Amino acid sequence: MSGVANTFYNTLVKRNSVYVSAIFAGAFAWGIGFDVAVTSFWDRWNQGKQWKDIRDKYATPAEED
Amino acid sequence: MAGFQTAVKKAVTLPCTVRTLSSGVPCAPLLNLAARAPTDGHGHGHGAAGPRSDVPPKWAGGVARSSSSGLVSKTITTSPTSTFTTPRLFHTSATNKDAPQVPDAPYQAQSDSTNRALSYFMIGSMGVLTASVAKSTVADFLGTMAASADVLALAKVEVELGAIPEGKNVIIKWRGKPVFIRHRTQDEISEARSANWKSFRDPESDEARAKRPEWLVMLGVCTHLGCVPIGEAGDYGGWFCPCHGSHYDISGRTRKGPAPLNLEVPEYEFNDAEGKLIIG
């Protein structure tokens, strides 16, 4: 356990430049991950209610338009 | 009630605490006049038991009982009296500590690396959250400057190219302005390309104005004062503005009259898969 902690400290934290860049990169990745998670939750919560779910019922005959 | 009164009236032995009355007379209420010195002399130098040696002599004053202010001590000799009142606070018990089990020595970690990674991890996580909050705040703010969906929906216009025969004009409305689309014939193309455009008022080659020679797309707004020119008219076989008599050639370039510039060419592109022209 302390090995993991020391590895984390030595690779990421020791140099402030690395630490700050890691924080920004983490913020970027976290933002994307948060978006994906919330979107998938939304889709699961509203399953069967959204246009992309019911499009097959209505859009097939109107394709020639 | 009776018990309360006895408790109040009980005489206790206290050190002589003298306060000064407003008249300047020192006053010692609740003084036990019956108290006697302990027999051992308790080490303050007045020898064996007997009359107290620290009692002032009778001629120097004395204690009298008064009905208004209790006991009154009168001193005839000149002695310094207190000029202000200080209550004496007695502390007879040991100091009670708040948390007696906490050691006095400050906390000392076992080594430098104890909890170090955890602390930095927490700091870093807060930094990640803060940075993403700041980023989304800025992004949302910039998003308020973007065009809304209804504006974007009107920003582009699609035109079916197959419906326009050769040698015909089509006028459509795009962003509130007329747009001329002409399907030019081969003769018109060669005429537009062979003209000596460098001598024109607003020199511009036909290649620069039409992405494809057979399709000429331009805004139908006269560059003079904004009238809509009439198609297939004028001295040069192009457009003619009836307001002030500007003539445009088959490439939409101004050739005669007051118009200072060529007819403006909007952004457009061709969608070959669906045979459509997309303006905007």
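Residues numbered from 1 in each chain as written. Chains lettered and ligands numbered in written order. Predicted model: local features only at pLDDT ≥ 70, side-chain atom pairs only at ≥ 80, totals over all residues. Heavy atoms only, no water.

An unreviewed UniProt entry annotates chain B as Cytochrome b-c1 complex subunit Rieske, mitochondrial of Jaapia argillacea MUCL 33604. On record in UniProt, under Sequence similarities (unreviewed entry), the comment for chain B is "Belongs to the Rieske iron-sulfur protein family." Recorded in UniProt under Catalytic activity (unreviewed entry), the annotation for chain B is "a quinol + 2 Fe(III)-[cytochrome c](out) = a quinone + 2 Fe(II)-[cytochrome c](out) + 2 H(+)(out)". (UniProt positions renumbered as here; feature names shortened; annotations may be inferred.)

Looking at an unreviewed UniProt entry, one finds chain A named Complex III subunit 9, with Jaapia argillacea MUCL 33604 as its source organism. What UniProt records for chain A under Subunit (unreviewed entry) is the sentence "Component of the ubiquinol-cytochrome c oxidoreductase (cytochrome b-c1 complex, complex III, CIII), a multisubunit enzyme composed of 3 respiratory subunits cytochrome b, cytochrome c1 and Rieske protein, 2 core protein subunits, and additional low-molecular weight protein subunits." You can read under Function (unreviewed entry) in the UniProt record for chain A the words "Component of the ubiquinol-cytochrome c oxidoreductase, a multisubunit transmembrane complex that is part of the mitochondrial electron transport chain which drives oxidative phosphorylation. The complex plays an important role in the uptake of multiple carbon sources present in different host niches."

A. Spotlight on the packing of helix H1 (residues 2-13) of chain A against helix H2 (residues 116-143) of chain B. One way to put it is that H1 of chain A packs onto H2 of chain B with a least axis distance of 8 Å and a crossing angle of 50°. Classified by the angle their axes make, H1 of chain A and H2 of chain B are oblique. Read as a crossing pair, H1 of chain A and H2 of chain B show a hand that is left-handed. Across from Ala5, Asn6, Phe8, Tyr9 and Val13 of chain A in H1 of chain A, the residues of H2 of chain B making contact are Arg116, Ala117, Tyr120 and Phe121 of chain B. Split into classes, the residues belonging to the contact of H1 of chain A with H2 of chain B amount to seven nonpolar, one polar and one charged. (Axes fitted to C-alpha atoms, helices over the stretch in contact; angles between N-to-C directions. Helix = DSSP H or I, 4+ residues; strand = E, 2+ residues; numbered from the N terminus. Parallel < 35°, antiparallel > 145°, perpendicular 65-115°, else oblique. Left-handed = near helix turned anticlockwise from the far one by under 90°. Contact = heavy atoms within 4.5 Å. Nonpolar A, V, L, I, M, F, W, Y, C, P; charged D, E, K, R; others polar.)

B. Focus on the confidence of the model for chain A. For chain A, the average pLDDT comes to 87, and 89% of its residues sit at 70 or higher. Averaged pLDDT values over the elements of chain A bottom out at 84 in helix H3 (residues 51-59) of chain A and peak at 95 in helix H2 (residues 16-45) of chain A. (pLDDT = per-residue confidence, 0-100.)

C. How the structure looks around the packing of aromatic side chains. Inspection of the entire model under this criterion finds eight aromatic pairs over all chains. Ring geometry for Tyr19 of chain A and Tyr120 of chain B: centres 6.0 Å apart, planes at 90°, overall edge-to-face. Placement of the pair is Tyr19 of chain A in helix H2 and Tyr120 of chain B in helix H2, with the two residues belonging to separate chains. Arranged with centres 5.5 Å apart and planes meeting at 35°, the rings of Phe41 of chain A and Trp45 of chain A form a pair that is tilted. On the criterion of helical spacing, the pair formed by Phe41 of chain A and Trp45 of chain A is a turn pair, its members being four residues apart in helix H2. A network of ring pairs unites the aromatic residues Tyr9 and Tyr19 of chain A together with Tyr120 of chain B as a single cluster. Its guanidinium or amino end placed over the ring of Tyr9 of chain A, Arg116 of chain B lies 3.6 Å from that ring's centre, counting from NZ or CZ. Lying over the aromatic face of Phe270 of chain B, Arg212 of chain B brings its terminal NZ or CZ to 4.1 Å of the ring centre. (Phe/Tyr/Trp six-rings, centres within 6.5 Å; stacked < 30°, edge-to-face > 60°. Lys NZ or Arg CZ within 6 Å of the ring centre and 35° of its normal.)

D. A look at the packing of H1 of chain A against H2 of chain A. Residue and element names in this part refer to chain A. Contact geometry of H1 with H2 gives a least axis separation of 7 Å together with a crossing angle of 95°. Here H1 lies roughly perpendicular to H2, going by the angle between them. Residues Thr11, Leu12 and Val13 of H1 form the contact with H2, whose own contacting residues are Asn16, Val18, Tyr19 and Ala22. In terms of residue class, the contact of H1 with H2 is made up of five nonpolar, two polar and no charged.

E. Focus on the sheet that holds strand S7 (residues 177-183) of chain B. All names here are of chain B. If you walk across this open sheet you meet the three strands as S6-S7-S8, and the pairing is antiparallel. Each end of this open sheet is capped by a strand with a single partner; those strands are strand S6 (169-174) and strand S8 (215-219). Taken pair by pair, the neighbouring strands of this sheet meet at an average axis angle of 20°, ignoring direction. Here S6 runs beside S7; their pairing, made up of six bridges, is antiparallel. Of the residues in S7, the one forming a bridge with Trp174 is Lys177. (Pairing = 2+ DSSP bridges.)

F. Quick look at the pattern of salt bridges. Residues and elements named next belong to chain B. In the structure shown here, the tally under the stated rule is 13 salt bridges over all chains. Taking the shortest distance from any N to any O, the salt bridge between Arg253 and Asp249 comes out at 3.2 Å. Each member of the pair, Arg253 as well as Asp249, carries the same accessibility label: buried. Salt-bridge contacts for Arg255 lead to Asp249; the nearest nitrogen and oxygen are separated by 2.8 Å. A residue is classified by how much of its surface remains accessible, and Arg255, at 28% relative accessible area, is partly exposed. The buried category is assigned to Asp249, whose relative accessible area is 3%. Connected through salt bridges with shared partners, the residues Arg184, Arg193, Asp206 and Glu207 form a single ionic network. (Salt bridge = Lys/Arg side-chain N within 4 Å of Asp/Glu carboxyl O. Buried < 20%, exposed > 50% of the residue type's maximum accessible area, 1.4 Å probe, protein only.)

G. Inspection of the side chain of Glu188 of chain B at higher detail. Residue and element names in this part refer to chain B. Considering the arrangement of structural elements, one finds Glu188 in helix H4 (residues 186-194). Glu188 gets classed as buried once you look at its relative accessible area, which sits at 13%. Not counting the four nearest positions on each side in its chain, Glu188 is found in contact with Arg182, His183 and Ile250.

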